[in-house]
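Listed below are the residues making up each chain.
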Amino acid sequence: MKKFLLTLLVMSVGFQGALLAQTKTVTGTVTGGDDGLGIPRVSVTIKGTTRGNATNLDGTYSVEVASNETLVFSFVGYVSKEVLVGNQTTIDVVLEPDYAELEEVVVVGYGSQERKEITSAVASLKPEDFNNGNIANPTQLLQGKVAGLSITRPGGDPNGAFNIRLRGISTFGANSSPLIVLDGVPGADLGNVDPNDIASIDVLKDGSAAAIYGARGSSGVILITTTKGSGEDGVTNISLNTFATVDTKALDKISVLSPSEFVAAGGTDFGSETDWVDLITQNAFSYATNLSVSGSFGGTSYRASVNYRNNEGIVKGFKNERLNTRLNVTHNAINDRLRLTANVNITNGSYGARNNGLFDFALTYNPTAPVFDDGTLSSNSVGGFFQTLASSDYFNPEALRQQQNFSGTTKTSLLSFRGEFDILDNLTAAIQYNQDRSNGLNSQVWSKTDFAQGLGQNGQAGRTVDDRFTEIITGTLNWDTEISSDLSATVLVGFEKQTQNFEGFGLQSRQFLFDSFGANNLAAGAIITGPNTNYYSYKSQNILNSAFFRANANYKGTYFVSASVRADSYSGFGENNKTGYFPTVSAGAELTEIADLGPISQLKFRASYGITGALPGASDYALPVIRNGGRIDLDGDANTTDDIRIAPRQTQNANPELKWETKKEFNIGFDFSILDGKITGTTDYYTRNIEDLIFNIVVPIGAPSAFDIGNFNTVNNTWVNLADLRSAGFEFAASYNGLKIGDVAWSPSINFTIYDKTTIESLTLTNGLGFENIRGGNLGSPGQNNTQIIFNEVGKTLGNFVGPRFIGIDENGQYVLEDANGVRGSSAADFNIEDLPIIGNALPDAEFGINNAFSYGDWNLSFFLRGTLGHELYNSFRGFYENQDASTSAWNSIVTDKTPTVSASPTFSDLFIEDASFIRLDNLQLGYRLPSNSDWIENINLYFAAQNLFTITNYQGLDPEARTSDGGNQLVPGLERRNTFIPTRSFTLGVKFNIK
């Protein structure tokens, strides 16, 4: 009986165990606590085993598991979670971000580094940090997101370039914008990458971080890393992002007299009512599609993408179209000791444009003038359009839009091949070859009936071809070693050779029989010499040879030291100064490893000092350049042409002493984390001393050269190292990661920069050559051709406006103006410029960005505010057209709350210098993750985005964005010219999804 009971007990236990061991299917979704979106490729394993599965692209999973087992959910960048199965068949899991791990590795020059070891000023952004909407240029992803990084493009020209400045002015040479490094390729064209293909962006802000790039890193470095192929073997991932955008006018500041008001003010009445701005503008429609395919097999991973964009401009005739294709292939071999990578990027683009002065004329053209005139209305008919002959710089804007046409195509290709081999487990050799080519074909056409230019020439057309080819080869050796149990070090040694070739040609002819020939048959232009014609060709080359060394040390995970030096030899400098040396040193300490700081989980102190150089604006500044001069007739007989020659003409003197500009930058900063990573941030203070800036100065012809000893000045100018500048600034950035308000997750962040504006320390050499001051900002016609409003002088801030103060208007309608001594006059011409006071400054005091991201279930919302404070702008629209003088009978007047009743001709004063501080709702996005039961479509995300929704400012011009240069001249900031494009407001609707 006992044996029977014992047998029954054993069977019962075994039966119960069998029941417990019986598996079942458990399904669910893994989402992120930061954004509520499904997380693909999360590892879902059974604790204590290797059994399990990975989530799909939409975060869903399915796994066979027993009730008494525990599921472990883990993914890089998130805190792992364990869940006992029990009776559950559906288990949805929310993984919270591990913010320390998310930022663990940061891309730096020629490699990467753990975040905790970085001792210089570096900012990093991932796709979730980027701006949203109709982002046509990768720099827009960063706009307002990084303290100290200013990205501006006043107006809404779809072909307009973005002005990028990191910590203000660092050079007046060729690399005044930060160096772009795309997947390890220095100097890459941003047109080679579509915003959808970017995985991360790292900004090297201080001299210590950027000095590894030597002469090219003077203005900072932006490192762009693109998305690579990954995933399970044999699994293909397909993703699609497509959107459409409508752009509307964002203009609510500039108004003009109505037709009746214009006539009442004395304007000539032609009997019509025309809104010229509405006539030349439209609601622009743009769209884009990004398709990518990625996967892996064996030791090979790949990702291919195709990106198509078509952007219309708010002004009819402006457009930009681009097709970008990209392929990345990585192969690992020899037990992963050998890694081979190939990147191929090909971009084809085209653009259409019109005269940049269109909006100037649309604002000021007579509002009573008709658009068309067949000759029956008046004698002012030209080519079927109404034109007035009152001014040589005053044209029917619709005629100008239709009768001038500028267009072109661009073709760029970037090829990059990299090989890495682990010679030892801690010793890696790498070599990379890059080939970057850009080709532009541009056409310009002026109709035979174009009143502005083509009419007097009987039609005019031109075409230019420009080709740039850059070749870079880089070799590095990287050694990681543990010197002791407490001390580890990394040493990098490398060399690099960069060769750039520029060549092109152009032809412009005039006097055509038919307009239809245009730029496609320039030989149909009967005249190819003389005014408004041109033909030329060119070719140049420069070479940059470099060697660099960097060493990093980590002591107990508490103390960190880094030092580097780079030597650059550039073919474009003087024979005696071709090589420059750019050293740097930085150090840091993690203070939480030294003392218990309570809720502060990280507090790292950093200090660095670095020297960088700058490339000159051209590669021949040190040479006695000879160019083409005028035609000469050797025998003086006008009836013979076989003896006509082009005379050589020297344009500058030689300077074998010409050398590198240098920027010496000191930076101290703190990185902090509070409440286990919930609050993170960084703060930096920097000072910059920029020395030996390159300028072209006037020298006496025939005098002994002060730079080319033993020779004489042949012409009156020489390029020299002249100016010294100083600037400083304070930067701060912080974010709260995943603040919970009920079921809503809120992640706010803020960054701001306070600038100590650039001051001019010197403009003169020790021998007395140079400048007492540099003036600029010529306002131009009508009537203000010789008015220079920017006055830069030693000891003062760069970008000062200098002019008379506006006191009022006298009984005769004339301006009453005053200089610094109290002397009064009625126009700027009545004063000596030396007696005029400083009436403003064009450089900002501060910039800031505020971002807010919310998530609730399948919904997410983000909005971003950006602003600039403390800068002034010259409002050229008011400066030329606000007053109601005799010219009002010809052109319209700008109307603002500052419009005076004045009969004087336009003249410059502080009346037209305005505080342009602003805050702008730059970006807003609302998204929804749509559940999908489809077998082949998953992770469907619908989104709506809006850009430039509103701007709060007292500035009464077109766009309050700070202007850091005038036509590229950084010594003349702060002018809003009349060719500024109309600002736009964008509304975007799009969808993203993945295909299984």
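Residues numbered from 1 in each chain as written. Predicted model: local features only at pLDDT ≥ 70, side-chain atom pairs only at ≥ 80, totals over all residues. Heavy atoms only, no water.

A.B. asks: Help me understand the overall build of the protein chain, please; the structure alone is not making it clear to me.
C.D. replies: A count of helical and extended segments in the protein chain gives 9 helices and 55 strands. A compact globule built from 996 residues would reach a C-alpha radius of gyration of about 30 Å, and the protein chain, at 33 Å, matches this within 12%. Referenced to the eigenvectors of the C-alpha coordinate spread, the extents of the protein chain come out at roughly 135 × 70 × 65 Å. By the burial criterion, 52% of the 996 residues in the protein chain qualify as buried. Partitioning the contacts of the protein chain with sequence separation of at least 6, the portion at a separation of at least 24 is 70%. For the protein chain, the accessible area works out to roughly 42,200 Å², and carbon and sulfur atoms hold 55% of it. (Helix = DSSP H or I, 4+ residues; strand = E, 2+ residues; numbered from the N terminus. Rg over C-alpha atoms; globule rule 2.2 N^0.38 Å. Buried < 20%, exposed > 50% of the residue type's maximum accessible area, 1.4 Å probe, protein only. Contact = heavy atoms within 4.5 Å. Areas by Shrake-Rupley, 256 points an atom, 1.4 Å probe, with all protein chains shown as cover.)

A.B. asks: Would you mind showing me how to read the sheet that holds strand β4 (residues 60–66) here?
C.D. replies: Hydrogen bonds between backbone atoms are what pair the strands of a sheet, whose relative direction is either parallel or antiparallel. Strand order in the open sheet made by the 3 strands is β4-β1-β7, with mixed pairing throughout. Pairing within the sheet leaves two strands with one partner each, and these edge strands are β4 and β7 (93–95). Here the strands of the sheet are splayed against their neighbours by 35° on average, with no regard to which way each runs. Here strand β1 (residues 23–32) runs beside β4; their pairing, made up of 7 bridges, is antiparallel. Paired with T25 across the bridge in β4 is E64. (Pairing = 2+ DSSP bridges. Axes fitted to C-alpha atoms, helices over the stretch in contact; angles between N-to-C directions.)

A.B. asks: Explain the sheet that holds strand β15 (residues 198–204) here, please?
C.D. replies: The strand order across the open sheet built from 5 strands is β10-β15-β16-β13-β14, with neighbouring strands paired in mixed fashion. Among the strands making up the open sheet, the edge pair consists of β10 (122–125) and β14 (185–186).

A.B. asks: Can you help me understand the pattern of salt bridges in this one?
C.D. replies: Where side chains of opposite charge bring their charged atoms close, a pairing between them can arise. A complete count under the given rule lists 44 salt bridges for this structure. With its nearest N and O atoms 3.5 Å apart, the salt bridge here joins R468 to D436. Of this pair, R468 sits in strand β27 (residues 460–482) while D436 sits in strand β26 (residues 427–446), placing them 32 residues apart in sequence. Classification of D436 as buried rests on a relative accessible area of 4%. Notably, a salt bridge pairs D959 with R920, separated by 3.2 Å at the nearest N-O pair. Of this pair, D959 sits in the loop between β53 (937–953) and β54 (975–976) while R920 sits in strand β52 (residues 918–930), and the two are 39 residues apart along the sequence. Taking relative accessible area as the criterion, R920 reaches 5% and is therefore assigned buried. (Salt bridge = Lys/Arg side-chain N within 4 Å of Asp/Glu carboxyl O.)

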